[in-house]
Amino acid sequence: MDPVTPEDFAALLTPEGRALLDSLHDYDPAQELAVATRLRREHPAALVSAALGQARLRQRAVAKFGAEDAFRMYFTPGGGEMATRASVAEYRAGRLAALGVRSVADLCCGIGGDALALARLGIRVLAVDRDPLTVAVARANAEALGLADLIEVREADVTGVDTAGHDAVFIDPARRGGRGRVFDPESYSPPLSWAVAAARSAPYAAIKIAPGIPHEAVPADAEAEWISDQGDVKEAVLWFGTEPGSVRATLLPGPRALRTAEPLPDPEAGPVGRYLYEPDGAVIRAHLVAEVAEQLGGRLIDPTIAYITADELRATPYATAYEITDVLPFGLKKLKALLRERGVGVLTVKKRGSAIEPEELRKKVKPQGPHSATVILTRVDGAPSMLIGAPVSGP
Ligand SMILES: C[S@@+](CC[C@H](N)C(=O)[O-])C[C@H]1O[C@@H](n2cnc3c(N)ncnc32)[C@H](O)[C@@H]1O
(Lines give C-alpha, C1' and ligand atoms only; values in the text may rest on other atoms or scores of the structure.)
Protein backbone atom coordinates (compact mmCIF):
# COMPACT_ATOMS: atom_id res chain seq x y z
CA MET A 1 0.00 0.00 0.00
CA ASP A 2 1.36 3.44 -0.89
CA PRO A 3 2.06 5.57 2.16
CA VAL A 4 -0.81 8.01 2.72
CA THR A 5 0.11 11.61 3.57
CA PRO A 6 -2.08 13.87 5.72
CA GLU A 7 -2.85 15.78 2.46
CA ASP A 8 -4.08 12.59 0.72
CA PHE A 9 -6.21 11.88 3.76
CA ALA A 10 -7.65 15.43 3.81
CA ALA A 11 -8.76 14.91 0.19
CA LEU A 12 -10.78 11.88 1.35
CA LEU A 13 -12.78 14.15 3.65
CA THR A 14 -13.95 16.45 0.80
CA PRO A 15 -17.42 15.80 -0.66
CA GLU A 16 -15.77 14.12 -3.69
CA GLY A 17 -13.59 11.93 -1.46
CA ARG A 18 -16.47 10.92 0.81
CA ALA A 19 -18.70 10.01 -2.13
CA LEU A 20 -15.90 7.98 -3.71
CA LEU A 21 -15.19 6.11 -0.48
CA ASP A 22 -18.89 5.41 0.14
CA SER A 23 -19.14 3.95 -3.37
CA LEU A 24 -16.47 1.41 -2.39
CA HIS A 25 -18.43 -0.06 0.55
CA ASP A 26 -18.79 -3.50 -1.02
CA TYR A 27 -15.76 -3.46 -3.27
CA ASP A 28 -13.84 -6.67 -3.81
CA PRO A 29 -10.07 -6.17 -3.28
CA ALA A 30 -9.46 -8.93 -5.84
CA GLN A 31 -10.86 -6.53 -8.48
CA GLU A 32 -8.64 -3.64 -7.37
CA LEU A 33 -6.86 -3.09 -10.66
CA ALA A 34 -10.04 -2.91 -12.74
CA VAL A 35 -11.79 -0.69 -10.19
CA ALA A 36 -8.79 1.65 -9.94
CA THR A 37 -8.55 1.98 -13.74
CA ARG A 38 -12.24 2.84 -14.01
CA LEU A 39 -12.15 5.37 -11.15
CA ARG A 40 -9.01 7.10 -12.41
CA ARG A 41 -10.94 8.24 -15.48
CA GLU A 42 -13.02 10.49 -13.25
CA HIS A 43 -10.90 11.18 -10.15
CA PRO A 44 -7.28 12.12 -9.39
CA ALA A 45 -5.01 9.08 -9.07
CA ALA A 46 -3.88 9.97 -5.51
CA LEU A 47 -7.49 10.22 -4.34
CA VAL A 48 -8.41 6.90 -5.95
CA SER A 49 -5.47 5.19 -4.30
CA ALA A 50 -6.27 6.72 -0.88
CA ALA A 51 -9.93 5.71 -1.21
CA LEU A 52 -9.11 2.13 -2.20
CA GLY A 53 -6.65 1.83 0.69
CA GLN A 54 -9.20 3.23 3.12
CA ALA A 55 -11.95 0.93 1.80
CA ARG A 56 -9.71 -2.07 2.48
CA LEU A 57 -8.89 -0.84 5.98
CA ARG A 58 -12.59 -0.35 6.74
CA GLN A 59 -13.38 -3.89 5.65
CA ARG A 60 -10.59 -5.19 7.87
CA ALA A 61 -11.81 -3.13 10.82
CA VAL A 62 -15.31 -4.65 10.82
CA ALA A 63 -14.14 -7.45 13.13
CA LYS A 64 -12.99 -4.91 15.75
CA PHE A 65 -15.56 -2.16 15.40
CA GLY A 66 -18.63 -3.79 13.84
CA ALA A 67 -19.84 -2.90 10.33
CA GLU A 68 -21.91 0.10 11.35
CA ASP A 69 -18.99 2.01 12.87
CA ALA A 70 -16.20 0.59 10.70
CA PHE A 71 -17.82 1.93 7.52
CA ARG A 72 -18.16 5.39 9.03
CA MET A 73 -14.66 5.48 10.54
CA TYR A 74 -11.19 6.08 9.08
CA PHE A 75 -7.98 4.16 9.70
CA THR A 76 -4.26 4.17 9.11
CA PRO A 77 -2.78 0.75 8.30
CA GLY A 78 -0.98 0.45 11.65
CA GLY A 79 -3.61 2.43 13.57
CA GLY A 80 -6.39 -0.03 12.80
CA GLU A 81 -4.24 -2.91 13.99
CA MET A 82 -3.14 -1.18 17.19
CA ALA A 83 -6.61 0.12 18.08
CA THR A 84 -8.46 -1.41 21.01
CA ARG A 85 -11.44 -3.48 19.86
CA ALA A 86 -14.77 -1.81 20.65
CA SER A 87 -15.91 -4.46 23.16
CA VAL A 88 -12.79 -4.03 25.32
CA ALA A 89 -12.67 -0.22 24.98
CA GLU A 90 -16.35 -0.02 25.99
CA TYR A 91 -15.76 -2.23 29.03
CA ARG A 92 -12.75 -0.19 30.22
CA ALA A 93 -14.56 3.10 29.61
CA GLY A 94 -17.43 1.69 31.69
CA ARG A 95 -15.07 1.00 34.60
CA LEU A 96 -13.79 4.57 34.49
CA ALA A 97 -17.33 5.97 34.29
CA ALA A 98 -18.32 3.84 37.30
CA LEU A 99 -15.48 5.46 39.25
CA GLY A 100 -17.13 8.82 38.61
CA VAL A 101 -14.58 9.89 35.98
CA ARG A 102 -15.91 12.70 33.76
CA SER A 103 -12.73 13.69 31.90
CA VAL A 104 -9.81 11.64 30.61
CA ALA A 105 -6.43 12.48 29.08
CA ASP A 106 -5.98 9.72 26.47
CA LEU A 107 -2.22 9.73 25.96
CA CYS A 108 -1.27 7.87 22.76
CA CYS A 109 -4.78 7.96 21.31
CA GLY A 110 -3.98 6.39 17.93
CA ILE A 111 -6.97 6.48 15.58
CA GLY A 112 -9.19 6.91 18.66
CA GLY A 113 -10.47 3.44 19.57
CA ASP A 114 -10.46 4.25 23.28
CA ALA A 115 -11.31 7.96 23.01
CA LEU A 116 -14.48 7.14 21.06
CA ALA A 117 -15.64 4.57 23.63
CA LEU A 118 -15.03 7.04 26.48
CA ALA A 119 -16.88 9.87 24.71
CA ARG A 120 -19.82 7.60 23.99
CA LEU A 121 -20.29 7.40 27.76
CA GLY A 122 -20.35 11.21 27.93
CA ILE A 123 -16.74 11.49 29.18
CA ARG A 124 -14.70 14.47 27.90
CA VAL A 125 -11.45 13.36 26.28
CA LEU A 126 -8.18 15.09 25.51
CA ALA A 127 -6.77 12.71 22.88
CA VAL A 128 -3.04 13.09 22.18
CA ASP A 129 -0.82 11.50 19.56
CA ARG A 130 2.38 12.69 17.94
CA ASP A 131 1.81 11.26 14.48
CA PRO A 132 0.20 13.87 12.16
CA LEU A 133 -1.75 11.42 9.98
CA THR A 134 -2.98 9.48 13.03
CA VAL A 135 -4.16 12.73 14.60
CA ALA A 136 -6.06 13.69 11.43
CA VAL A 137 -7.69 10.25 11.39
CA ALA A 138 -8.63 10.44 15.09
CA ARG A 139 -10.20 13.85 14.49
CA ALA A 140 -12.15 12.55 11.51
CA ASN A 141 -13.40 9.63 13.61
CA ALA A 142 -14.63 11.90 16.41
CA GLU A 143 -16.49 13.90 13.74
CA ALA A 144 -17.81 10.83 11.89
CA LEU A 145 -19.33 9.34 15.04
CA GLY A 146 -20.83 12.65 16.21
CA LEU A 147 -18.47 12.90 19.21
CA ALA A 148 -16.36 15.92 18.20
CA ASP A 149 -17.87 18.06 20.96
CA LEU A 150 -16.47 15.71 23.59
CA ILE A 151 -13.08 14.89 22.06
CA GLU A 152 -10.25 17.37 21.65
CA VAL A 153 -7.55 15.79 19.49
CA ARG A 154 -4.08 17.27 19.94
CA GLU A 155 -0.89 16.60 17.98
CA ALA A 156 1.88 16.48 20.56
CA ASP A 157 4.44 14.28 22.26
CA VAL A 158 2.62 12.94 25.32
CA THR A 159 5.67 13.41 27.49
CA GLY A 160 5.17 17.18 27.30
CA VAL A 161 1.41 17.24 27.97
CA ASP A 162 0.03 18.65 31.22
CA THR A 163 -2.74 16.34 32.39
CA ALA A 164 -3.65 18.32 35.51
CA GLY A 165 -7.37 18.92 35.78
CA HIS A 166 -8.36 15.56 34.26
CA ASP A 167 -10.07 12.97 36.46
CA ALA A 168 -8.11 10.16 34.83
CA VAL A 169 -5.23 9.39 32.54
CA PHE A 170 -5.37 6.54 30.04
CA ILE A 171 -2.16 5.43 28.32
CA ASP A 172 -1.84 2.91 25.51
CA PRO A 173 1.85 2.97 24.57
CA ALA A 174 2.94 1.80 21.11
CA ARG A 175 4.22 -1.76 21.39
CA ARG A 176 5.45 -2.15 17.84
CA GLY A 177 8.87 -1.01 16.79
CA GLY A 178 10.27 -0.93 13.26
CA ARG A 179 11.00 -4.64 13.55
CA GLY A 180 7.68 -5.92 14.90
CA ARG A 181 6.31 -6.34 18.38
CA VAL A 182 8.29 -5.04 21.32
CA PHE A 183 8.34 -7.24 24.43
CA ASP A 184 10.43 -5.22 26.87
CA PRO A 185 8.07 -2.69 28.51
CA GLU A 186 10.93 -0.19 28.65
CA SER A 187 11.02 -0.30 24.84
CA TYR A 188 7.36 0.72 24.57
CA SER A 189 6.81 4.23 23.25
CA PRO A 190 6.66 5.92 25.68
CA PRO A 191 8.42 3.49 28.08
CA LEU A 192 6.33 1.83 30.80
CA SER A 193 8.25 3.60 33.58
CA TRP A 194 7.18 6.97 32.11
CA ALA A 195 3.58 5.77 31.83
CA VAL A 196 3.56 4.59 35.47
CA ALA A 197 4.88 7.95 36.68
CA ALA A 198 2.23 9.79 34.62
CA ALA A 199 -0.45 7.43 35.95
CA ARG A 200 0.51 8.13 39.56
CA SER A 201 0.04 11.86 39.02
CA ALA A 202 -3.70 11.48 38.29
CA PRO A 203 -6.60 10.58 40.62
CA TYR A 204 -7.30 7.49 38.48
CA ALA A 205 -5.31 5.92 35.67
CA ALA A 206 -5.21 2.90 33.40
CA ILE A 207 -2.27 1.71 31.31
CA LYS A 208 -2.89 -0.85 28.59
CA ILE A 209 -0.05 -3.35 28.29
CA ALA A 210 0.75 -6.67 26.65
CA PRO A 211 -0.91 -9.64 28.40
CA GLY A 212 2.46 -11.39 28.66
CA ILE A 213 3.79 -8.90 31.21
CA PRO A 214 5.41 -10.82 34.09
CA HIS A 215 3.63 -10.38 37.42
CA GLU A 216 6.90 -9.19 38.96
CA ALA A 217 6.75 -6.15 36.66
CA VAL A 218 3.38 -5.02 38.08
CA PRO A 219 3.98 -2.06 40.44
CA ALA A 220 2.85 -2.74 44.03
CA ASP A 221 0.43 0.20 43.98
CA ALA A 222 -1.35 -1.00 40.84
CA GLU A 223 -4.25 -3.35 40.27
CA ALA A 224 -3.55 -5.73 37.38
CA GLU A 225 -6.38 -6.88 35.14
CA TRP A 226 -6.27 -9.37 32.28
CA ILE A 227 -9.10 -9.12 29.76
CA SER A 228 -10.28 -11.74 27.29
CA ASP A 229 -12.99 -11.43 24.69
CA GLN A 230 -14.73 -14.55 23.36
CA GLY A 231 -12.00 -16.63 25.00
CA ASP A 232 -9.03 -14.76 23.47
CA VAL A 233 -6.80 -12.79 25.82
CA LYS A 234 -6.64 -9.26 24.45
CA GLU A 235 -4.68 -7.17 26.92
CA ALA A 236 -3.64 -6.48 30.47
CA VAL A 237 -4.37 -3.20 32.23
CA LEU A 238 -2.56 -1.59 35.14
CA TRP A 239 -5.07 0.43 37.14
CA PHE A 240 -4.09 3.16 39.58
CA GLY A 241 -6.47 4.59 42.20
CA THR A 242 -8.62 1.43 42.29
CA GLU A 243 -7.56 -1.64 44.31
CA PRO A 244 -3.76 -1.62 44.80
CA GLY A 245 -2.24 -5.09 44.79
CA SER A 246 -5.34 -6.89 43.59
CA VAL A 247 -5.51 -9.08 40.51
CA ARG A 248 -8.50 -9.52 38.23
CA ALA A 249 -9.46 -11.67 35.26
CA THR A 250 -12.28 -10.21 33.19
CA LEU A 251 -14.04 -12.24 30.55
CA LEU A 252 -16.05 -10.49 27.85
CA PRO A 253 -18.80 -10.50 26.86
CA GLY A 254 -20.35 -10.13 30.25
CA PRO A 255 -18.27 -8.94 31.90
CA ARG A 256 -17.60 -11.87 34.19
CA ALA A 257 -14.88 -10.91 36.63
CA LEU A 258 -12.83 -12.95 39.04
CA ARG A 259 -10.60 -11.06 41.42
CA THR A 260 -8.57 -11.44 44.53
CA ALA A 261 -6.35 -9.39 46.76
CA GLU A 262 -4.76 -12.51 48.26
CA PRO A 263 -4.06 -15.22 45.71
CA LEU A 264 -4.54 -18.80 46.90
CA PRO A 265 -1.54 -21.15 46.89
CA ASP A 266 -1.19 -23.51 43.89
CA PRO A 267 -3.75 -26.30 44.02
CA GLU A 268 -2.76 -29.93 44.66
CA ALA A 269 -2.29 -32.24 41.69
CA GLY A 270 -4.08 -35.60 41.50
CA PRO A 271 -5.50 -38.21 39.16
CA VAL A 272 -7.64 -37.21 36.16
CA GLY A 273 -11.29 -37.38 37.13
CA ARG A 274 -14.41 -37.55 34.99
CA TYR A 275 -14.25 -33.87 34.06
CA LEU A 276 -11.44 -31.68 32.79
CA TYR A 277 -11.69 -27.89 32.88
CA GLU A 278 -9.70 -25.60 30.64
CA PRO A 279 -9.56 -22.18 32.33
CA ASP A 280 -10.02 -19.06 30.19
CA GLY A 281 -6.71 -17.48 29.13
CA ALA A 282 -7.39 -14.37 31.25
CA VAL A 283 -7.70 -16.59 34.35
CA ILE A 284 -4.41 -18.29 33.53
CA ARG A 285 -2.55 -15.04 32.82
CA ALA A 286 -3.94 -13.51 36.03
CA HIS A 287 -2.68 -16.58 37.98
CA LEU A 288 -6.20 -17.26 39.26
CA VAL A 289 -6.34 -20.97 38.36
CA ALA A 290 -6.32 -21.91 42.08
CA GLU A 291 -9.40 -19.73 42.67
CA VAL A 292 -11.27 -21.48 39.86
CA ALA A 293 -10.11 -24.91 41.09
CA GLU A 294 -11.48 -24.09 44.52
CA GLN A 295 -14.85 -23.08 43.06
CA LEU A 296 -14.95 -26.36 41.15
CA GLY A 297 -13.76 -28.52 44.04
CA GLY A 298 -11.02 -29.58 41.64
CA ARG A 299 -7.31 -30.39 41.51
CA LEU A 300 -4.62 -29.99 38.83
CA ILE A 301 -3.66 -32.91 36.56
CA ASP A 302 -0.03 -31.87 36.88
CA PRO A 303 1.65 -29.27 39.12
CA THR A 304 2.90 -27.35 36.06
CA ILE A 305 -0.18 -27.49 33.82
CA ALA A 306 -3.24 -25.22 34.01
CA TYR A 307 -5.87 -27.93 33.53
CA ILE A 308 -8.24 -28.57 36.41
CA THR A 309 -9.91 -31.92 36.97
CA ALA A 310 -12.83 -32.99 39.16
CA ASP A 311 -15.15 -35.94 39.55
CA GLU A 312 -18.36 -33.98 39.41
CA LEU A 313 -19.57 -31.29 37.09
CA ARG A 314 -20.04 -27.74 38.30
CA ALA A 315 -21.05 -24.81 36.13
CA THR A 316 -18.43 -22.10 35.78
CA PRO A 317 -18.07 -19.10 33.50
CA TYR A 318 -14.28 -19.22 33.91
CA ALA A 319 -13.45 -22.52 32.24
CA THR A 320 -14.64 -24.86 29.49
CA ALA A 321 -15.57 -28.33 30.71
CA TYR A 322 -14.83 -31.62 28.96
CA GLU A 323 -16.11 -35.04 29.92
CA ILE A 324 -13.17 -37.43 29.72
CA THR A 325 -13.64 -41.03 28.61
CA ASP A 326 -10.01 -42.19 28.29
CA VAL A 327 -6.69 -41.27 29.84
CA LEU A 328 -3.79 -42.85 27.96
CA PRO A 329 -0.02 -42.45 27.71
CA PHE A 330 0.76 -40.52 24.51
CA GLY A 331 1.05 -42.82 21.46
CA LEU A 332 0.15 -42.18 17.86
CA LYS A 333 -0.67 -45.79 16.99
CA LYS A 334 -2.95 -46.22 19.95
CA LEU A 335 -4.76 -42.97 19.20
CA LYS A 336 -5.24 -43.90 15.56
CA ALA A 337 -6.68 -47.31 16.47
CA LEU A 338 -9.01 -45.89 19.10
CA LEU A 339 -10.39 -43.21 16.80
CA ARG A 340 -10.92 -45.73 14.00
CA GLU A 341 -12.72 -48.10 16.36
CA ARG A 342 -15.05 -45.27 17.44
CA GLY A 343 -15.61 -43.86 13.95
CA VAL A 344 -14.25 -40.42 14.82
CA GLY A 345 -14.05 -38.19 11.74
CA VAL A 346 -14.12 -34.80 13.42
CA LEU A 347 -11.21 -34.49 15.81
CA THR A 348 -10.60 -31.40 17.91
CA VAL A 349 -7.05 -31.26 19.23
CA LYS A 350 -6.21 -29.24 22.33
CA LYS A 351 -2.85 -29.10 23.97
CA ARG A 352 -1.00 -27.73 26.94
CA GLY A 353 2.51 -28.78 27.86
CA SER A 354 2.99 -30.79 24.66
CA ALA A 355 5.20 -29.97 21.68
CA ILE A 356 2.95 -31.77 19.18
CA GLU A 357 1.33 -29.54 16.56
CA PRO A 358 -2.45 -30.16 16.40
CA GLU A 359 -2.53 -29.88 12.58
CA GLU A 360 0.25 -32.43 12.20
CA LEU A 361 -1.43 -34.83 14.57
CA ARG A 362 -4.69 -34.56 12.64
CA LYS A 363 -2.81 -35.27 9.39
CA LYS A 364 -1.12 -38.30 10.90
CA VAL A 365 -4.21 -39.92 12.43
CA LYS A 366 -6.42 -39.15 9.38
CA PRO A 367 -9.74 -39.20 11.27
CA GLN A 368 -12.61 -40.80 9.37
CA GLY A 369 -16.18 -41.50 10.39
CA PRO A 370 -19.43 -39.89 11.51
CA HIS A 371 -18.51 -39.13 15.14
CA SER A 372 -16.56 -36.36 16.81
CA ALA A 373 -14.15 -36.29 19.74
CA THR A 374 -11.66 -34.06 21.47
CA VAL A 375 -8.13 -35.19 22.23
CA ILE A 376 -6.18 -33.22 24.80
CA LEU A 377 -2.40 -33.58 24.59
CA THR A 378 -0.80 -32.76 27.88
CA ARG A 379 1.17 -34.05 30.83
CA VAL A 380 -0.40 -35.98 33.67
CA ASP A 381 1.83 -36.18 36.72
CA GLY A 382 4.82 -35.48 34.50
CA ALA A 383 4.03 -38.08 31.80
CA PRO A 384 3.09 -37.13 28.19
CA SER A 385 -0.54 -38.17 27.96
CA MET A 386 -3.65 -38.01 25.81
CA LEU A 387 -7.07 -37.41 27.28
CA ILE A 388 -10.02 -38.26 25.08
CA GLY A 389 -13.48 -36.85 25.58
CA ALA A 390 -15.97 -34.25 24.47
CA PRO A 391 -16.95 -30.74 25.53
CA VAL A 392 -19.81 -30.70 28.01
CA SER A 393 -22.75 -28.96 26.41
CA GLY A 394 -24.57 -26.53 28.67
CA PRO A 395 -23.96 -26.02 32.37
C1 LIG B 1 -1.23 1.42 20.57
S2 LIG B 1 -1.49 2.91 19.71
C3 LIG B 1 -2.92 3.57 20.49
C4 LIG B 1 -4.21 2.93 20.08
C5 LIG B 1 -5.45 3.55 20.65
N6 LIG B 1 -5.60 3.32 22.09
C7 LIG B 1 -6.70 3.06 19.95
O8 LIG B 1 -7.47 2.30 20.53
O9 LIG B 1 -6.90 3.46 18.79
C10 LIG B 1 -0.15 3.87 20.28
C11 LIG B 1 -0.02 5.28 19.70
O12 LIG B 1 0.95 5.97 20.48
C13 LIG B 1 1.54 6.97 19.69
N14 LIG B 1 2.77 7.40 20.39
C15 LIG B 1 3.85 6.65 20.71
N16 LIG B 1 4.73 7.38 21.42
C17 LIG B 1 4.19 8.63 21.55
C18 LIG B 1 4.61 9.81 22.19
N19 LIG B 1 5.77 9.88 22.83
N20 LIG B 1 3.78 10.89 22.13
C21 LIG B 1 2.61 10.82 21.48
N22 LIG B 1 2.16 9.72 20.87
C23 LIG B 1 2.95 8.63 20.90
C24 LIG B 1 1.73 6.30 18.36
O25 LIG B 1 1.81 7.26 17.33
C26 LIG B 1 0.47 5.40 18.28
O27 LIG B 1 -0.53 6.02 17.50
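Residues numbered from 1 in each chain as written. Predicted model: local features only at pLDDT ≥ 70, side-chain atom pairs only at ≥ 80, totals over all residues. Heavy atoms only, no water.

As recorded in an unreviewed UniProt entry, the protein goes by Methyltransferase and comes from Streptomyces cirratus.

Caption draft 1: Examining the overall build of the protein more closely. Within the protein, the secondary structure is distributed over 13 helices and 18 strands. Along the first, second and third principal axes, the C-alpha set of the protein runs to 65 × 55 × 35 Å. Counting across all 395 residues of the protein, residues that qualify as buried make up 49%. Nonlocal contacts in the protein, meaning residues at least 24 apart in sequence, comprise 66% of its contacts between residues at least 6 apart. If you sum the accessible surface of the protein, you get close to 18600 Å²; carbon and sulfur atoms cover 52% of it. Side-chain charges in the protein split into 45 positive and 52 negative, and the spacing between the mean points of these groups amounts to 6 Å. (Helix = DSSP H or I, 4+ residues; strand = E, 2+ residues; numbered from the N terminus. Buried < 20%, exposed > 50% of the residue type's maximum accessible area, 1.4 Å probe, protein only. Contact = heavy atoms within 4.5 Å. Areas by Shrake-Rupley, 256 points an atom, 1.4 Å probe, with all protein chains shown as cover. Lys, Arg positive; Asp, Glu negative; His and termini not counted. Charge placed at Lys NZ, Arg CZ, Asp CG, Glu CD.)

Caption draft 2: Highlighting empty space enclosed by the protein. Tallied over the full model, the rule gives 2 cavities of 30 Å³ or more. Its volume calculated, the largest cavity comes out at about 70 Å³. In this structure, the largest cavity is lined by 12 residues; those nearest its centre are Val4, Gln54, Leu57, Phe75 and Pro77. Here the lining of the largest cavity gets 4 residues from one element, more than from any other, and that element is helix H4 (residues 45–70). Grouping the amino acids of the lining of the largest cavity by side-chain chemistry returns 9 nonpolar, 3 polar and no charged. Here the second largest cavity is characterised by a volume of approximately 30 Å³. Taken together, Arg92, Ala93, Leu96, Asp114, Leu118 and Phe170 make up the lining of the second largest cavity. Counting residues per element, the ones that place at least two in the lining of the second largest cavity are helix H6 (86–98) and helix H7 (113–120). No other element matches the 3 residues that H6 contributes to the lining of the second largest cavity. (1 Å grid on protein atoms, 1.4 Å probe; cavity = no way out; pocket = protein on both sides within 12 Å on 5 of 7 lines; lining within 4 Å. Points joined across faces, edges and corners; volume = space filled by probe spheres on them. Nonpolar A, V, L, I, M, F, W, Y, C, P; charged D, E, K, R; others polar.)

Caption draft 3: Structural detail: the nonpolar core. Core analysis: the biggest nonpolar cluster contains 57 residues, and Leu24, Phe65, Val104 and Ile151 have the highest contact counts within it. Among the elements that line this core, the one with the most residues is H4, at 10 residues. Composition of this core by domain shows at least three residues from each of domain 1 (6–66) and domain 2 (80–260). Residues within four places of phenylalanine 65 in sequence aside, it is in contact with Ala70, Met73, Phe75, Ala83, Thr84, Ala86, Ile111 and Gly113. (Core = buried A, V, L, I, M, F, W, Y, C linked by side-chain atoms within 4.5 Å. Domains from an automatic or database assignment.)

Caption draft 4: Representation of the UniProt feature "domain: THUMP-like" (unreviewed entry) in the protein. The positions that UniProt labels "domain: THUMP-like" (unreviewed entry) are, in the present scheme, residues 319–389. Helix makes up 25% of residues 319–389 and strand 51%, and the two end C-alpha atoms of the span are 16 Å apart. (UniProt positions renumbered as here; feature names shortened; annotations may be inferred.)

Caption draft 5: Region of interest: the sheet that holds strand S8 (residues 223–229). Overall, mixed pairing links the 9 strands, which are arranged S3-S2-S1-S4-S7-S9-S8-S10-S11 in an open sheet. A single partner strand is all that each edge strand has here, and the edge strands are strand S3 (151–155) and strand S11 (256–260). Pairwise comparison of adjacent strand axes, ignoring direction, gives a mean angle of 20° for this sheet. Taken together, the 6 bridges between S8 and strand S10 (residues 247–252) define a ladder with parallel strand orientation. Bridging across to S10, tryptophan 226 finds its partner in alanine 249. Its contacts with the sheet put H6 on strand S1 (103–107), strand S4 (168–171), strand S7 (204–209), S8, strand S9 (232–240) and S10, and the angle it makes with S8 is roughly 145°. (Pairing = 2+ DSSP bridges. Axes fitted to C-alpha atoms, helices over the stretch in contact; angles between N-to-C directions.)

Caption draft 6: Local environment of the pairing of S8. In terms of burial, S8 is a largely internal element, 7 of the 7 residues being buried. Side-chain alternation along S8 places Glu223, Glu225, Ile227 and Asp229 on one buried face and Ala224, Trp226 and Ser228 on a second face that is also buried. Across 7 bridges, S8 lies against S9 in antiparallel orientation. Each residue of the ladder has a partner; that of tryptophan 226, found in S9, is alanine 236. Hairpin remark: S8 followed by S9, antiparallel, with 2 residues in the connecting loop; positive phi at glutamine 230, about 50°.

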